[in-house]
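Listed below, chain by chain, are the residues.
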Amino acid sequence: MTSITIDGPAGAGKTTVAKALSEKLGYIYFNTGAVYRSIAYCYLVNPFDLTKTIKLKKFLSQINLKIINKNNVQFIWLDNIDITQKLSTPEMDYWSSKISQYKEVREFAVSLQRNFAYHQNIVIEGRDIGSNVLPNAKFKFYLTASVDVRAKRRRKQYLEQGGEYALISYEKILQDIIERDKTDTERAISPLIVPKGAIIINSDRLTILEVVNNMFNICKGG
Ligand code: DC
């Protein structure tokens, strides 16, 4: 089985690229951020002091998540309810990043991710995939872009989504991205880093198609 990892900061375009690359290769696509988002979703139903380790462990032991890939679209089920649509909100952006700092949360998420990833050809995206979840992956990419470009892309995406998202200003999005970069890169356990052996791609001046073709050619030539 072949694994291709794509790590990088928030808003670098990992999801779009990982999806397109997986389709081009005929591989399964896996967005690992959704696991942290699901944990954050469960947490917000009944928040508690996350530094209370016993409580945190009990909370995690009661979470029953299923990752489902249907026609290369990822769904997350919690206790047989599809929560996929609930996970892509600014609130989940914030809390998934916060909650992912805790060791117990990471162990829970990583174990789930490895179980899902081991038995299939996969393009898997996240923050610690090439460095920690699948360090022996065949190809590792680190996709990045400047903070300004990432914020502009996120703003465009929110405008397209419409509704309350369209009201979020560029400045607010920029601040949120800067804060999330800080939590993701400065956390003590498995922070966002360029994994050993990863190919760095900066997408500031590249289209999605160019990034995907670039990665595809590397995978096919290797
Ligand atoms: O990729 P995303 O924006 O959906 O991820 C949400 C948060 O989850 C991110 O800010 C940090 C955390 N995360 C992580 O710690 N490790 C991963 N492999 C994926 C996501």
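Structure: see above.
Computed from a prediction, not measured in an experiment: that's the story for all the values here.

Here is what the cut-offs are and how they apply
Residues numbered from 1 in each chain as written. Predicted model: local features only at pLDDT ≥ 70, side-chain atom pairs only at ≥ 80, totals over all residues. Heavy atoms only, no water. Near = heavy atom within 4 Å. Polar contact = N/O pair within 3.5 Å; in protein donor to acceptor, adjacent residues only side chain to side chain. Areas by Shrake-Rupley, 256 points an atom, 1.4 Å probe, with all protein chains shown as cover. Helix = DSSP H or I, 4+ residues; strand = E, 2+ residues; numbered from the N terminus. Buried < 20%, exposed > 50% of the residue type's maximum accessible area, 1.4 Å probe, protein only. Core = buried A, V, L, I, M, F, W, Y, C linked by side-chain atoms within 4.5 Å. Contact = heavy atoms within 4.5 Å. Axes fitted to C-alpha atoms, helices over the stretch in contact; angles between N-to-C directions. Parallel < 35°, antiparallel > 145°, perpendicular 65-115°, else oblique. Left-handed = near helix turned anticlockwise from the far one by under 90°. Phe/Tyr/Trp six-rings, centres within 6.5 Å; stacked < 30°, edge-to-face > 60°.

Visitor: Just checking my understanding: could you explain the site of the ligand for this structure?
Guide: By nearness alone, 15 residues border the ligand, and Arg 37, Arg 106, Arg 127, Asp 128 and Arg 180 come closest of all. Measuring from a nitrogen atom of the ligand, one finds a side-chain N or O atom of Thr 32 at 3.1 Å. One of the side-chain N or O atoms of Asp 184 is found 2.9 Å from an oxygen atom in the ligand. In isolation the ligand has 440 Å² of accessible area, and contact with the protein removes 95% of it.

Visitor: Quick question: what am I supposed to make of unusual backbone geometry here?
Guide: Excluding glycine, a negative phi dihedral is what most residues carry, and trans is how most peptide bonds are arranged. Positive phi values are uncommon outside glycine, yet Asp 79 reaches one of about 50 degrees. As for its position among the elements, Asp 79 is in the loop between strand S4 (73-78) and strand S5 (81-82). Asp 79 sits in the partly exposed class, given a relative accessible area of 45%. Although it is not a glycine, Ser 190 sits at a positive phi angle of roughly 40 degrees. Relative to the assigned elements, Ser 190 resides in the loop between helix H8 (170-186) and strand S8 (199-202).

Visitor: Please clarify how the nonpolar core should be interpreted in this entry.
Guide: Inside soluble globular proteins, nonpolar side chains tend to come together where they are buried. With 35 residues, the main nonpolar core has Ile 39, Phe 59, Leu 60 and Ile 63 as its most contacted residues. Counting residues per element, the ones that place at least two in this core are helix H2 (33-45), helix H3 (53-61), strand S3 (65-70), S4, helix H4 (90-99), helix H5 (103-117), strand S6 (122-126) and helix H6 (129-133). Those residues in contact with Ile 39 that sit more than four places away from it in its chain are Phe 59, Leu 60, Ile 63, Ile 99, Val 105, Phe 108 and Ala 109. Val 17, Val 123, Val 211 and Val 212 belong to the second largest nonpolar core, which has 19 residues in total.

Visitor: Sorry if this is basic, but what is going on with the packing of helix H1 (residues 14-25) against helix H9 (residues 208-221) here?
Guide: The relative placement of two packed helices is expressed as an angle between their axes plus a distance between the axes. Orientation of H1 relative to H9, taken along the N-to-C sense of each, is 45 degrees, at an axis distance of 9 Å. The orientation of H1 with respect to H9, classified from their angle, is oblique. Note that H1 runs across H9; the crossing there is right-handed. Every residue of H9 that contacts H1 at Thr 16, Val 17, Ala 20, Leu 21, Lys 24 and Leu 25 is listed here: Ile 208, Val 211, Val 212, Asn 213, Met 215, Phe 216, Cys 219 and Lys 220.

Visitor: In this structure, what is going on with the packing of aromatic side chains? I would like to understand it.
Guide: With the rule as written, the count across this model stands at 7 aromatic pairs. Each ring, one from Phe 30 and one from Phe 116, has its centre 4.7 Å from the other, and the planes form 55 degrees; the classification is tilted. Residue Phe 30 is found in strand S2 (residues 28-31), and its partner Phe 116 is found in helix H5; the two are separated by 86 residues along the sequence. Comparing Phe 30 with Phe 116 shows no difference in burial state: the two are buried.

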